[in-house]
Amino acid sequence: MPDIRLAVVSDAVLPYHAGGKETRHHEVVRRLATSGFDVEIHTMRWWPERGDAYHGGIRYRPLTALWPMYRDGRRCLVQAVMFAIGGFRMLFRRFDVVEVDSVPVVQIFVLRLATWLRRRRLVVTWHEVWGAESWRSYLGPIGSIAAVLERWALTLPDHIVSPSPGTARRIDEMTGGRTPVTVVPNGIDLPAINAVQPAAQRHDLVFVGRLIEHKNVSALLRGLAVLSARGDRITCRIIGTGPQQESLRRQAVELGLDGLVRFDGWVRSDEDVLAALKAARVFVSLSEREGFGISVLEALACGLPVVAYDHPDNHARHLLVDGVTARLVDTLEPAAVAAAIDWTLRHADRLRGPAADSALSYDWDTIAREMEKVYGACES
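To keep things clear, this report deals only with the structure shown in the data block. On a predicted model such as this, the values are computed, not experimentally measured, just so you know.

1. Observations regarding the packing of helix α4 (residues 131–139) against helix α5 (residues 143–153)
Step number 1: Interaxial distance between α4 and α5 falls to 7 Å at its minimum, and their mutual angle equals 140°. In terms of orientation, α4 lies oblique with respect to α5. Remark: the crossing between α4 and α5 carries right-handed chirality. Touching G131, A132, W135, R136 and L139 of α4 are G143, S144, A146, A147 and E150, all from α5.

2. Quick look at the packing of aromatic side chains
Step number 1: For the coordinates displayed, the defined rule picks out eight aromatic pairs.
Step number 2: A ring pair is formed by W130 and Y138, whose centres lie 4.9 Å apart and whose planes are at 85°; its orientation type is edge-to-face.
Step number 3: In this structure W130 comes out as buried when scored by relative accessible area, which is 12%.
Step number 4: The exposure class assigned to Y138 is buried, which follows from its relative accessible area of 15%.
Step number 5: Geometrically, the ring pair formed by F292 and Y362 is edge-to-face, given 6.2 Å between the ring centres and 70° between the ring planes.

3. Observations concerning helix α1 (residues 20–32)
Step number 1: The end-to-end C-alpha separation of α1 is 18 Å, in line with the 18 Å expected for 13 residues at 1.5 Å each.
Step number 2: Counting buried positions along α1 gives 10 out of 13 residues, so the element sits mostly inside the fold.

4. Let's talk about the sheet that holds strand β14 (residues 282–285)
Step number 1: If you walk across this open sheet you meet the six strands as β13-β12-β11-β14-β15-β16, and the pairing is parallel. Edge positions in the sheet fall to β13 (261–265) and β16 (326–329), since each of these pairs with one other strand and no more. Put simply, the sheet's adjacent strands are angled 20° from each other on average, direction ignored.
Step number 2: Here four bridges tie strand β15 (residues 306–309) to β16, and the two strands are oriented parallel to one another. Bridged to Y309 within β16 is V329.

5. A few points about the pairing of strand β8 (residues 121–125)
Step number 1: Counting buried positions along β8 yields four of five residues, so the element is predominantly enclosed.
Step number 2: In the sheet, strand β7 (residues 97–101) pairs with β8 via five bridges, with the strands oriented parallel. Considered in β8, the bridge of D101 is made with T125.
Step number 3: What joins β7 to β8 is helix α3 (residues 106–118), and the crossover it makes is right-handed.
Step number 4: In terms of strand pairing, β8 meets strand β9 (residues 159–162) through three bridges, oriented parallel. Bridging across to β9, T125 finds its partner in V161.

6. Examining the environment of R30
Step number 1: Tracing the chain through its elements places R30 in helix α1.
Step number 2: What makes R30 partly exposed here is its relative accessible area of 34%.
Step number 3: Along the chain, R30 and G57 lie 27 residues apart, while their C-alpha atoms are 8.8 Å from each other.
Step number 4: Not counting residues within four places of it along the chain, the set of residues in contact with R30 comprises I58 and D189.
Step number 5: At 2.9 Å, the side chain of R30 forms a polar contact with the side chain of E27.

7. Section: the side chain of H315
Step number 1: Position of H315 among the secondary structure elements: in the loop between β15 and β16.
Step number 2: Setting aside residues up to four positions removed in sequence, H315 forms contacts with S164, G166, T167, E290, G291 and F292.

8. Focus on the pairing of β13
Step number 1: Burial along β13 is one-sided: the face carrying V261, F263 and G265 is buried and the face carrying R262 and D264 is not.
Step number 2: Looking at chain direction, strand β12 (residues 236–239) and β13 are connected through four bridges and run parallel. The partner of R237 across the bridge, within β13, is R262.
Step number 3: Traced from β12 through helix α9 (residues 245–254) to β13, the parallel crossover comes out right-handed.

9. Looking at the pattern of salt bridges
Step number 1: Following the criterion strictly, the structure yields 29 salt bridges and no others.
Step number 2: Two residues, K215 and E290, come together in a salt bridge whose shortest N-O distance is 2.4 Å. Of the two residues, K215 sits in the loop between β11 (205–208) and α8 (217–229) while E290 sits in the loop between β14 and α11 (294–301), which places them 75 residues apart along the sequence. As far as the burial class goes, K215 and E290 line up, both buried.
Step number 3: The shortest N-O distance in the salt bridge between R317 and D310 comes to 3.3 Å.
Step number 4: The structure contains a network of salt bridges with shared partners spanning E27, R30, R31, D189 and D365.

Thresholds applied
- Residues numbered from 1 in each chain as written.
- Predicted model: local features only at pLDDT ≥ 70, side-chain atom pairs only at ≥ 80, totals over all residues.
- Heavy atoms only, no water.
- Axes fitted to C-alpha atoms, helices over the stretch in contact; angles between N-to-C directions.
- Helix = DSSP H or I, 4+ residues; strand = E, 2+ residues; numbered from the N terminus.
- Parallel < 35°, antiparallel > 145°, perpendicular 65-115°, else oblique.
- Left-handed = near helix turned anticlockwise from the far one by under 90°.
- Contact = heavy atoms within 4.5 Å.
- Phe/Tyr/Trp six-rings, centres within 6.5 Å; stacked < 30°, edge-to-face > 60°.
- Buried < 20%, exposed > 50% of the residue type's maximum accessible area, 1.4 Å probe, protein only.
- Expected span 1.5 Å × (residues − 1).
- Pairing = 2+ DSSP bridges.
- Right-handed = clockwise from strand over helix to strand, strands pointing away.
- Polar contact = N/O pair within 3.5 Å; in protein donor to acceptor, adjacent residues only side chain to side chain.
- Salt bridge = Lys/Arg side-chain N within 4 Å of Asp/Glu carboxyl O.

Written out as C-alpha cells, the structure is:
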C-alpha cells in the first residue's frame, strides 16, 4: 500500500469527546498510522494551547474554535454552520483523501467543494440515515430543510462507508445507487477487553452512552421504577454525559430510585468502562436510533446479554438475537421495559456464553484493513 495522506475531519474526537463515531475514528486511525498512512485529524480546537495538538503521534489541527455542540438537548445549528465554514481551511491543507463523518451534514457540502477544487477524493462514513420524519421530529418545521440537505449530501461523496447493511440499503434507496457504498462494521479490541477485570462494585444493569433524548434513558428509569414498586431492588449504573444529565438525575430521585441508580458521568478510561460492564449482569440500550452500536457490541464481548429497543432505526438490534443474546422490546411502556429487564436478569447466566460468542467476529484490526482498501481504491 503506497503512502496516503489521509485527512480525517470530525467536530468531535477522542480524547476530548466520547462516543461511537469517536471510538471508530480513534481505533482505525491509530492502526492506519502504523501501516503507511500519513494521518491528520481536523477538528474544533478542543485544547487550550495555541497551535496544533498531538496524541499518539497523530497531529490534531483546528478548523474552528470550540463551539458548544448541543443547545436545549439538541445539536446546535450555529456549531454545525461554523464547523462547516471552518472546512474551507481544507483548501490550504495537504491531503490525498478526506474522510468525514456524516454528522452534522452541512460540512459535507464545503468539503465536497474543497476536494473538487483540489482534485482529491471525499469519503463519508454515514452511521445512520435519518429521513424526513426523523428530521422534523428533531428540529420541527426546519427539519424538512435538513431532510432535503441530507438527501442531497448523500449524492456528493466519491464513496460512502456504512457500518451496517441496513443503513447501506437505505442509502442505495435514497440515491438510486448513484453513490458507491461499502459496508465496514464497527469493531472492538478483543484482547484489551479480555484483559480487563470486573470492577469491585457490582450492579445489575449498566448503560453506556450519550444522555440525549433518542437514547431513551428516561424509559429505562421508568421501567426500574415499576420493578422497584413491586419490591425488586435492581441496581443500575449509568455512564455518560449529555444535555439530559441533570433532568435524568432529577427523574431518578422523583421515581424513588435514589440509591439504586448511579450516575457516573463521563468515564475517561476505556478500561474503567469495560470494568463496569464486566461488573454488571445485563446491558440496557433502549435507543431508537443507532447507526451500529459499539457499546452494545462491547457489552456482548464482555458476556452481557442486552435489553434493546426493536425500533426500525436502531441498527444495533441486528447485532442481537432475541431470546439468545438479548431481549428486544417493541414498546417503551414502563411495564414492557420492566418485564424485559426482569426476564433478562433471570436468564442472564444462560445468555452470557452466546452473547460473548456473538462478538468474536469483530476486531478493529480487521476493520482497519477494510478501511485501508477503501482509501487505497479512492486514492488510486
